[in-house]
Amino acid sequence: MAHAVIVSAVRTPIATSFKGTLRDTPAEELATVVVRAAVDRSGLAPEDVDDVILAEELAGGGDIARYAAFAAGLTAAPGQAVNRHCAASLAAVGNAAATIRAGMDRAVVAGGTHSSSMNPRLSWRVPGSDEPRAGFNPTFPYYEGATDDVTLAVGWNTALEVGITRAELDAWAKRSHDRAIAAIDAGVFDDEIVPIDVVAAGEKIRFAVDEHPRRGSTLEKLATLKPLRPEIEGFGITAGNASGVNDAAAALMIVSDDLARERGLTPLARVRAWTALGVAPHRTGMAGVEVIPRVLERAGLGVADVDAWEINEAFASVPIAACRLLGVPDDLVNQYGSGCSLGHPVAASGARMLTTLTHHLRRRGGGIAVAAMCAAGGQGGAVVIEAP
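To keep things clear, this report deals only with the structure shown in the data block.

Rules used in this analysis
- Residues numbered from 1 in each chain as written.
- Predicted model: local features only at pLDDT ≥ 70, side-chain atom pairs only at ≥ 80, totals over all residues.
- Heavy atoms only, no water.
- Helix = DSSP H or I, 4+ residues; strand = E, 2+ residues; numbered from the N terminus.
- Contact = heavy atoms within 4.5 Å.
- Salt bridge = Lys/Arg side-chain N within 4 Å of Asp/Glu carboxyl O.
- Buried < 20%, exposed > 50% of the residue type's maximum accessible area, 1.4 Å probe, protein only.
- Expected span 1.5 Å × (residues − 1).
- Core = buried A, V, L, I, M, F, W, Y, C linked by side-chain atoms within 4.5 Å.
- Polar contact = N/O pair within 3.5 Å; in protein donor to acceptor, adjacent residues only side chain to side chain.
- Axes fitted to C-alpha atoms, helices over the stretch in contact; angles between N-to-C directions.
- Parallel < 35°, antiparallel > 145°, perpendicular 65-115°, else oblique.
- Left-handed = near helix turned anticlockwise from the far one by under 90°.
- Nonpolar A, V, L, I, M, F, W, Y, C, P; charged D, E, K, R; others polar.

**With respect to the environment of V333**
As for its position among the elements, V333 is in the loop between α9 (317–326) and α10 (346–364). Residues V333 and P319 lie 14 residues apart in sequence; the distance between their C-alpha atoms is 7.6 Å. What V333 contacts, discounting residues up to four positions off in sequence, is W172, R175, R179, W309, I311, P319, C323 and V328.

Here it is, written out as structure tokens:
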């Protein structure tokens, strides 16, 4: 059985939605940029690619993966769009690895693309009425006793379940910003970022640096931010200790190890295991924690075997909970920032995390890394990679 190996991993810079540099760049254009770059940097020709699997979230219909494949010059590659909310691009990578392991494909581009700035805003008609029913998914009770469509409470539910204070959330968020700014200043992301040319304020500019992290973030500033759900007593989730709303895309070129040998390609990492699970929707944040033992079991590993972690900061409470409950060393988690600082371009975040981990393992000379995250509706996803 072939192994699935990563031979390139790229992403766009991450922009702040609605007012940022990519506010007028649709998700399919972001996808085209990273699909083309993933192929170009891999050493393969477009005709070598068997498929393109891309995550999308509320992109408005159609098949964004096929759009990007064709626009990037991969005419013979079909496209598969997948959606597992926040964990969708982790699922895309798992799907690609599975078809390669099964011997059905030998080269697949996998990743995700997301533009909160350009995504359509959806509404439904109230049953038995012509009145609009606002919201994107009003069927999940994210907070016990609540039936509205606001997802923010799941981060606080995680904090309550584990006993995490507002001060601890803010401290983690500050660390996230500090680490992201340090990584940007040190050029850590230079190898993974594909600059993108855009028109902003009537001028053509080259966008090459993540714009969401805040320089000079302090605990004092974070402490002044108002809770995002003030109607819930004691609610401790703020715009500072939760993820941003962002635009970006990321993609990895995943091939069989025998194809890599045939073409003289250098594997950056092997996709060792992947999985997903479901929990009650109000425990969505905990899904990003509980999925970790499951993916480690599938990889035949323990927490102590892992050299680097990306546990998405949709809410700071999620990685804190993983460290506290599973014994994950917090100094190895989100070493270059995460959702609170870099941002959370939903359908692209999982692929972004794997891209950053792939390059991190290459710099450190090998090792094992885990990407894990919660996903809306009570889901969790995770992928394990290993670099030689």
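Text resumes after the structure shown.
**Some remarks on unusual backbone geometry**
In most cases, non-glycine residues show a negative phi, while peptide bonds are predominantly trans. A positive phi angle, near 50°, is found at H85, a position not held by glycine. Mapped onto the secondary structure, H85 falls in the loop between β4 (79–82) and α3 (88–101). Not every positive phi belongs to a glycine, and N334 is a case in point at roughly 50°. Turning to its location among the elements, N334 is positioned in the loop between α9 and α10.

**Let's talk about the pattern of salt bridges**
Following the criterion strictly, the structure yields 21 salt bridges and no others. For R324, the salt bridge goes to E168, with nearest N and O atoms at 2.9 Å. Of this pair, R324 sits in helix α9 while E168 is found in helix α5 (residues 166–186), placing the two residues 156 residues apart along the sequence. For R324, a relative accessible area of 40% gives the class partly exposed. On the accessibility criterion, E168 (30% relative accessible area) is partly exposed. R215 is paired through a salt bridge with D185; the nearest N and O atoms lie 2.6 Å apart. Here R215, found in the loop between β9 (203–207) and α6 (219–223), pairs with D185, found in helix α5; they are 30 residues apart in sequence, far enough to count as distant. For the pair formed by R215 and D185, the shared burial category is exposed.

**Thoughts on α5**
Its 21 residues place the ends of α5 30 Å apart at the C-alpha level, agreeing with the 30 Å of an ideal helix rising 1.5 Å per residue. Among the residues of α5, those classed as buried are L169, D170, W172, A173, S176, H177, R179, A180, I181, A183 and I184. Elements that come into contact with the buried residues of α5 comprise α4 (153–162), α6 and α9. G187 sits one or two residues past α5 and shows a positive phi near 75°.

**With respect to the nonpolar core**
Formed by 46 residues in total, the largest nonpolar core has its most connected members in I292, W309, V370 and V384. Broken down by secondary-structure element, the contributors of at least two residues to this core are α4, α5, β11 (269–278), α8 (284–299), β12 (308–311), α9, β13 (367–375) and β14 (379–387). Per element, the largest residue contribution to this core is eight residues, and it comes from α8. Excluding anything up to four places from it in sequence, I292 contacts W309, I311, A322, L326 and A372. Core analysis: the second largest hydrophobic core is formed by 38 residues, V7, V10, V35 and A65 among them.

**A look at the side chain of T113**
One can find T113 in strand β5 (residues 107–115). For T113, a relative accessible area of 1% gives the class buried. Side-chain polar atoms of T113 contact the backbone oxygen of A27, separated by 2.7 Å. Leave out the neighbours within four places in its chain, and T113 touches A27, L30, A31, A55, E56, I64, A248, A249, A347 and A348.

**Some details on the packing of α4 against α9**
Viewed as axis vectors pointing N to C, α4 and α9 meet at an angle of 25°, and their least axial separation amounts to 9 Å. Between α4 and α9, the crossing angle belongs to the class labelled roughly parallel. Two packed elements cross with a definite hand, and for α4 against α9 that hand is left-handed. Residues G155, T158, A159 and V162 of α4 pack against S317, A321, R324 and L325 of α9. Split into classes, the residues belonging to the contact of α4 with α9 amount to four nonpolar, three polar and one charged.

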